[in-house]
Amino acid sequence: MREQGRGYRLFTRRRVLQGAGLVALSGATTGAYATGIEPFRQVVTRYAIRPNPAAPWPAGLTLRIAVLADIHACEPWMSLERIAGIVEATNALQADLVVLVGDFVAGQRYVTRYVHSVEWAAVLGRLTAPLGVYAVLGNHDWWNDAEAQRRGAGPTISGTALTQNGIRVLSNEALPLATRAGPVWLAGLEDQLALQGGRHRGPRIGLDDLPATLAAVPDGAPMILLAHEPDIFAHVPARVALTLSGHTHGGQVRLFGWSPVVPSRYPGRYVYGHIREASDLVISGGLGLSVAPIRFGVPPEIVVVELGADATV
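Keep in mind that this is a model prediction, so the values were computed, not measured.

Peer 1: Please provide a residue-by-residue account of the pattern of salt bridges, values included.
Peer 2: Applying the stated rule across the entire model yields nine salt bridges. We note a salt bridge from Glu119 to Arg113, for which the minimum N-O separation is 3.2 Å. Across the salt bridge formed by Glu277 and Arg269, the nearest N and O atoms sit 2.9 Å from each other. Several salt bridges share partner residues, and in doing so they unite Glu75, Arg113 and Glu119 into one network.

In structure tokens form, the structure reads like this:
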């Protein structure tokens, strides 16, 4: 279920023309909408999910989880003012838990200013929730960090900035959340495309370790998994109640439920929305832009998942 949000305030002629001009689409009505209007919309998309019977889940427990994905901080598309509005809107949802599933830094070159991690992390640090605010990193958080690429390991600039602003970053680790029905474990996977593969940009190398991450959770304990790229879901066992991902942006252009281009090994399988296989996956369409400053048919969204026994699929 999708709700219209307040969105970004600057629905101005200048904003439309600026966005359209950046990708040479100013003469096309559809292009102007796709660059100057839809990227600045903001909706809330809601899912109500009952975990599958194979996944341990406390009887009667419902958790409201707010999910923010693919912020890609840069101007004019994702300014500090806009991020502050997203934070305000997220806090107003009164979620039990807030999770950020990666790609905080810009992922394109059509920008007027790159917003530094010190700036965007300070704004995201205003997020609040009773069970806490947690994050995993995305591929662009790694790719835009030259020192982390050189080392082939963290810490990353993005991860450090988030940590310094009170947001716990999970890297192949899990921790228990104290709910009224007992511990629910939150696991976070390191990025699956973190390293760019050397001088000639060979195959990307992931730093994810799904077996070790799952092994940190006691047998029979309820668990939620955060993973930036949804492709890992093909290997997620039924014991995981819910996997939350971003990365695809829903294809960023979506026509009648079909996305022509999807950054996935399974482009027809893991694109957008709620997917049930061995367990449940929700892929956020994200908030920002990557590669090209265009959105059409998949507006920026804050995702809210009501996960629990009293919900319906």
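Peer 1: How would you sum up the sheet that holds strand β12 (residues 242-245)? Please name residues and give values.
Peer 2: Taken in spatial order, the six strands of this open sheet run β9-β10-β11-β12-β14-β13, and their pairing is mixed. Because the sheet does not close on itself, it has two edges, and the strands there are β9 (173-179) and β13 (273-276). Sheet twist, expressed as the average angle between the axes of neighbouring strands with direction ignored, equals 20°. As defined by bridge partners, strand β11 (residues 223-226) adjoins β12 across three bridges and the pair is classed as parallel. Counted as the bridge partner of Leu225 is Thr243 from β12.

Peer 1: An account of helix α3 (residues 80-92) is needed here, citing residue identities and associated values.
Peer 2: Counted at 1.5 Å a residue, the expected span for α3 with its 13 residues is 18 Å, and the 18 Å between its end C-alpha atoms agrees. By the burial criterion, the buried members of α3 are Arg82, Ile83, Gly85, Ile86, Val87 and Thr90.

Peer 1: Residue-level account of the nonpolar core, with values.
Peer 2: Counting residues in each nonpolar core, the largest one holds 37 residues, and the members touching the most others are Ile83, Leu100, Phe104, Trp120, Leu124 and Leu162. A per-element tally of this core places helix α4 (residues 117-124) first, with four residues. In contact with Ile83, not counting residues within four places along its chain, are Ile71, Ala73, Met78, Trp120, Val123 and Leu124.

Peer 1: How would you summarise the pairing of strand β3 (residues 62-68) if you had to cite specific residues and measurements?
Peer 2: Counting buried positions along β3 yields five of seven residues, so the element is predominantly enclosed. Direction of pairing for β3 relative to strand β15 (residues 301-308): antiparallel, over a ladder of six bridges. Opposite Val67, over in β15, you have Val303 as the bridge partner. Sheet topology places β3 next to strand β5 (residues 97-101); four bridges connect them, and they run parallel.

Peer 1: Can you break down the packing of aromatic side chains residue by residue, with the values?
Peer 2: By the definition in use, this model includes five aromatic pairs. For the ring pair Tyr33 and Phe296, a centre distance of 5.9 Å and an interplane angle of 85° mean the geometry is edge-to-face. Of this pair, Tyr33 sits in helix α2 (residues 29-36) while Phe296 sits in the loop between β14 (280-283) and β15, and the two are 263 residues apart along the sequence. The exposure class assigned to Tyr33 is partly exposed, which follows from its relative accessible area of 26%. Taken together, the ring pairs connect Phe233, Tyr266 and Tyr270 into an aromatic cluster. Here the guanidinium or amino end of Arg269 rests over the ring plane of Tyr266, the centre of that ring lying 5.1 Å away.

Peer 1: Which residues make up the environment of Ala178, and what are the values?
Peer 2: Within the secondary structure, Ala178 sits in strand β9. Distance in space between the C-alpha atoms of Ala178 and Leu131 is 7.2 Å, their sequence separation being 47 residues.

Peer 1: Would you mind going over unusual backbone geometry in detail, with residue names and values included?
Peer 2: The omega torsion across Glu75 and Pro76 is 5°, close enough to zero to call that bond cis. Structurally, the position occupied by Pro76 is in the loop between β4 (74-75) and α3. Of note, the bond from Gly154 into Pro155 is cis; its omega dihedral lies within 30 degrees of zero at 5°. Summarising the element assignment, Pro155 is placed in the loop between α6 (146-151) and α7 (157-164).

Peer 1: Explain the environment of Ala54 to me, using residue names and the numbers behind them.
Peer 2: Structurally, Ala54 can be placed in the loop between β2 (43-49) and β3. When its relative accessible area of 49% is taken as the criterion, Ala54 is described as partly exposed. Along the chain, Ala54 and Val240 lie 186 residues apart, while their C-alpha atoms are 8.6 Å from each other. Residues contacting Ala54, with those up to four places away along its chain left out, are Ala238 and Arg239.

Peer 1: How would you explain the packing of α3 against α4 if you had to name every residue and give the values?
Peer 2: Put simply, α3 and α4 touch, their axes get as near as 9 Å, and they point 20° apart. On the basis of the axis angle, α3 is roughly parallel to α4. In terms of crossing hand, the pair formed by α3 and α4 is right-handed. In this structure, α3 uses Leu80, Ile83, Ala84 and Val87 to contact α4, whose residues at the interface are Glu119, Trp120, Val123 and Leu124. Each residue belonging to the contact of α3 with α4 can be placed in one class, and the counts come to seven nonpolar, no polar and one charged.

Peer 1: Residues and numbers for the confidence of the model for the protein chain, please.
Peer 2: Scored by pLDDT, the protein chain comes out at a mean of 90, with 88% of its residues at no less than 70. A low-confidence stretch, residues 6-27 stays under pLDDT 50, and its non-local contacts, those more than four residues away or across chains, total 40 contacts.

Peer 1: Tell me about the side chain of His228, residues and numbers included.
Peer 2: By secondary structure assignment, the location of His228 is in the loop between β11 and β12. Leaving out residues up to four positions away in the same chain, His228 has contacts with Asp70, Val101, Gly102, Asp103, Val136, Leu137, Gly138, Asn139, Asp191, Ser245, Gly246 and His247.

Definitions and limits used
- Residues numbered from 1 in each chain as written.
- Predicted model: local features only at pLDDT ≥ 70, side-chain atom pairs only at ≥ 80, totals over all residues.
- Heavy atoms only, no water.
- Salt bridge = Lys/Arg side-chain N within 4 Å of Asp/Glu carboxyl O.
- Pairing = 2+ DSSP bridges.
- Helix = DSSP H or I, 4+ residues; strand = E, 2+ residues; numbered from the N terminus.
- Axes fitted to C-alpha atoms, helices over the stretch in contact; angles between N-to-C directions.
- Expected span 1.5 Å × (residues − 1).
- Buried < 20%, exposed > 50% of the residue type's maximum accessible area, 1.4 Å probe, protein only.
- Core = buried A, V, L, I, M, F, W, Y, C linked by side-chain atoms within 4.5 Å.
- Contact = heavy atoms within 4.5 Å.
- Phe/Tyr/Trp six-rings, centres within 6.5 Å; stacked < 30°, edge-to-face > 60°.
- Lys NZ or Arg CZ within 6 Å of the ring centre and 35° of its normal.
- Parallel < 35°, antiparallel > 145°, perpendicular 65-115°, else oblique.
- Left-handed = near helix turned anticlockwise from the far one by under 90°.
- Nonpolar A, V, L, I, M, F, W, Y, C, P; charged D, E, K, R; others polar.
- pLDDT = per-residue confidence, 0-100.

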